[in-house]
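Working through the structure, step by step
What follows is each chain in one-letter form.
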Amino acid sequence: MTTAQAVGVDQVWSWLGEVPDPEIPVISVVDLGIVRDVRFVDEQCVVTITPTYSGCPAMQVIADDVRDALQEHGVEARIETRLSPAWTTDWMSAAGKAALSGYGIAPPVQQAIDISGLHAGIRRRAAPAVSCPHCGSPHTQLTSEFGSTPCKALYKCLECREPFDYFKCH
Amino acid sequence: MDAKFDYLLRQGDNALILSQQLCQLVGKGPALEEDMALSNVALDLLGQTRMWLSYAGELENKGRDEDRLAFLRDAGDYRNCILVEQPNGSYADTLMRQFLFDSWHYFLMDGLTRSSDERIRDIAAKSLKEVTYHLRRSGDLVVRLGDGSDISHTKMQTALDDLWMYSGEAFIYDDIDHAMVEQGVAPAAGSLRTQFLDHVAEVLQEATLSMPSPDAWMQRGGKQGRHSERLGFILAEMQFLQRAYPGATW
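About the thresholds
Residues numbered from 1 in each chain as written. Chains lettered and ligands numbered in written order. Predicted model: local features only at pLDDT ≥ 70, side-chain atom pairs only at ≥ 80, totals over all residues. Helix = DSSP H or I, 4+ residues; strand = E, 2+ residues; numbered from the N terminus. Rg over C-alpha atoms; globule rule 2.2 N^0.38 Å. Buried ≥ 20, exposed ≤ 12 C-beta atoms within 10 Å, placed from the backbone. Contact = placed C-beta atoms within 7 Å. Domains from an automatic or database assignment. Nonpolar A, V, L, I, M, F, W, Y, C, P; charged D, E, K, R; others polar. Pairing = 2+ DSSP bridges. Axes fitted to C-alpha atoms, helices over the stretch in contact; angles between N-to-C directions. Expected span 1.5 Å × (residues − 1). Arc of directions from axis to C-beta. Parallel < 35°, antiparallel > 145°, perpendicular 65-115°, else oblique. Left-handed = near helix turned anticlockwise from the far one by under 90°.

Quick look at the overall build of chain B
Summing up its helical and strand segments, chain B has 10 helices and zero strands in all. In chain B, the succession of helices and strands from N to C terminus is α-α-α-α-α-α-α-α-α-α. Relative to a compact globule of 250 residues, whose C-alpha radius of gyration would be 18 Å, chain B shows 18 Å and is just as compact. The principal-axis extent of the C-alpha atoms belonging to chain B is close to 55 × 40 × 30 Å. Here chain B holds 250 residues, and 48% of them are scored as buried.

A look at the overall build of chain A
Counting its regular elements, chain A contains four helices and seven strands. The helix and strand sequence of chain A, counted from the amino end, reads α-β-β-α-β-α-β-α-β-β-β. Sorting the 170 residues of chain A into buried and exposed places 36% on the buried side. Relative to all contacts within chain A whose residues are 6 or more apart in sequence, the contacts with residues 24 or more apart total 56%.

Let's talk about the domain arrangement of chain A
Residue and element names in this part refer to chain A. According to the domain assignment, chain A consists of domain 1 (4-81) and domain 2 (92-167). Across the boundary between the two partners, domain 1 contributes 11 residues, which contact 12 residues of domain 2. For the side of domain 1 that touches domain 2, the per-class residue count stands at six nonpolar, three polar and two charged.

Examining the sheet that holds strand E7 (residues 163-167) of chain A
Residues and elements named next belong to chain A. If you walk across this open sheet you meet the four strands as E4-E7-E6-E5, and the pairing is mixed. At either margin of the open sheet sits one strand with a lone partner, and together these are strand E4 (105-106) and strand E5 (140-144). Bridge count for strand E6 (residues 152-157) against E7 is five bridges, and the pairing is antiparallel. Each bridged residue has a counterpart across the sheet, and for Tyr155 the counterpart in E7 is Phe164.

A word on the sheet that holds strand E3 (residues 77-81) of chain A
Residues and elements named next belong to chain A. Strand order across the open sheet formed by three strands is E1-E2-E3, with mixed pairing between neighbours. In this open sheet, the two edge strands, each paired with only one partner strand, are strand E1 (35-41) and E3. With strand direction ignored, the average angle separating the axes of adjacent strands in the sheet is 20°. As judged from the five bridges shared by strand E2 (residues 44-49) and E3, these two strands associate in the parallel manner. Within E3, the residue paired with Val46 across the bridge is Arg78. Packed onto the sheet, helix H1 (residues 9-16) meets E1 and E2 and runs at close to 140° relative to E1.

Observations regarding helix H2 (residues 58-72) of chain A
Residue and element names in this part refer to chain A. End to end, H2 covers 21 Å across 15 residues, agreeing with the expected 21 Å (1.5 Å per residue, within 8%). Turning to H2, its buried residues number three or more, namely Ala58, Met59, Ile62, Val66 and Leu70. Buried residues of H2, seen end-on, are gathered within an arc of 105° and therefore sit on one face of the element. Within H2, the exposed residues directed more than 90 degrees away from the buried face are Gln60, Asp64, Asp68, Gln71 and Glu72. At the C-terminal side of H2, Gly74 shows a positive phi close to 80°.

So, the packing of helix H1 (residues 2-23) of chain B against helix H2 (residues 32-60) of chain B
Residue and element names in this part refer to chain B. At a minimum axis distance of 8 Å, the contact between H1 and H2 shows a crossing angle of 155°. By the angle between their axes, H1 is roughly antiparallel relative to H2. The two elements H1 and H2 meet at a crossing, and its hand is left-handed. Split by residue class, the contact of H1 with H2 holds 18 nonpolar, five polar and two charged.

So, the interface of chain B and chain A
With 27 residues of chain B in contact, the opposing surface of chain A contributes 21 residues. Only H2, helix H5 (118-146) and helix H8 (189-206) of chain B provide two or more residues apiece to the side of chain B that touches chain A. Counting residues per element, the side of chain B that touches chain A draws most heavily on H5 of chain B, at 14 residues. Taken together, the residues of the side of chain B that touches chain A break down into 10 nonpolar, seven polar and 10 charged.

What to know about the packing of helix H4 (residues 91-112) of chain B against H8 of chain B
All names here are of chain B. As a packed pair, H4 and H8 sit with axes 9 Å apart at the nearest point and diverge in direction by 140°. As far as their axial angle goes, H8 and H4 are oblique. For H4 against H8, the interelement crossing comes out right-handed. Counted together, Ser103, Trp104, Phe107, Leu108 and Gly111 of H4 and Leu192, Gln195, Phe196, His199 and Val200 of H8 form the full contact between these two elements.

Shown next as structure tokens:
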């Protein structure tokens, strides 16, 4: 068993960087921006995570995966959940966005939606130009505002005609 | 403390009952995209329910967690508005109920992000992002179907006229609501109602639908536990497992 002192916070972050998201295995929970804090309290490692969507069914799996991964390295971790500040796709790393694109999921293209107002212009959303992750064409069209998971929408490419998932700005 | 417990139940129960109703449409949506949208909205609402009811249970401190509050309370102890227990009906009814709920929900969550209670602020800020998406979608569809064909227009207008009397309960404040406003926990009814009516009017106008009078007589009672008969049937299905096999777990 490794003692807590022998393992630095940086080392834990690096291990967590290898824990894949259960729904989208090409991106790690760190790149997704859901690990908010790592610290040692006395001998125990405390990892703070934040939910993507409040009803995301993957959260329990993520907490278990994080605990298991650290246990493999001999670190007993406690997982805490924090709601505030609310998770946003703005926290997704550049490496994470690149990995999503390579996996066939278009990454979020803008800053997260402005929740301060709901005027006609916002409601009748000027759909963002989402590039096709297959052929790179910007000529794409929204087909469904919800996709296979709460965090995604469905698009289709008007050039190569392939459908694809788009990771929504949130 | 009691008033806040009740106020939290109201938030949780609204989200829970609407989520349960939307779940009944999974696999039955009129189009695949709508099916996914309904189930995703239901999932968001269920997640929000857990945050509200967990907090309510902790505040009450009698050993009731989110599950016990959801599955072991009978209709008279539920605190949701009557709007959310209205039947799914036709898709126009489902959609109009959603639009009226989302419009109110959005402005309430926005108001609660400035609550004096930190935990409520956090839950509201988290929910608001999801509710914003819900409202943009339901508003957009109301416009498309209201300003669609003659048939879709008629169905949407009928749904609006039928549901309108359930749209005002949230703004009729009782002692619990007033206590929450006084403590700075909840936004005042007047400002909330104005925001709601302004937004609904704007969308309905774009949808070429006639907005019924805001001063029309409104149904009430759900927040105090006086529900329509329907809630009993909804709970009978939702709570069946825990009633038949008490304490069953996965």
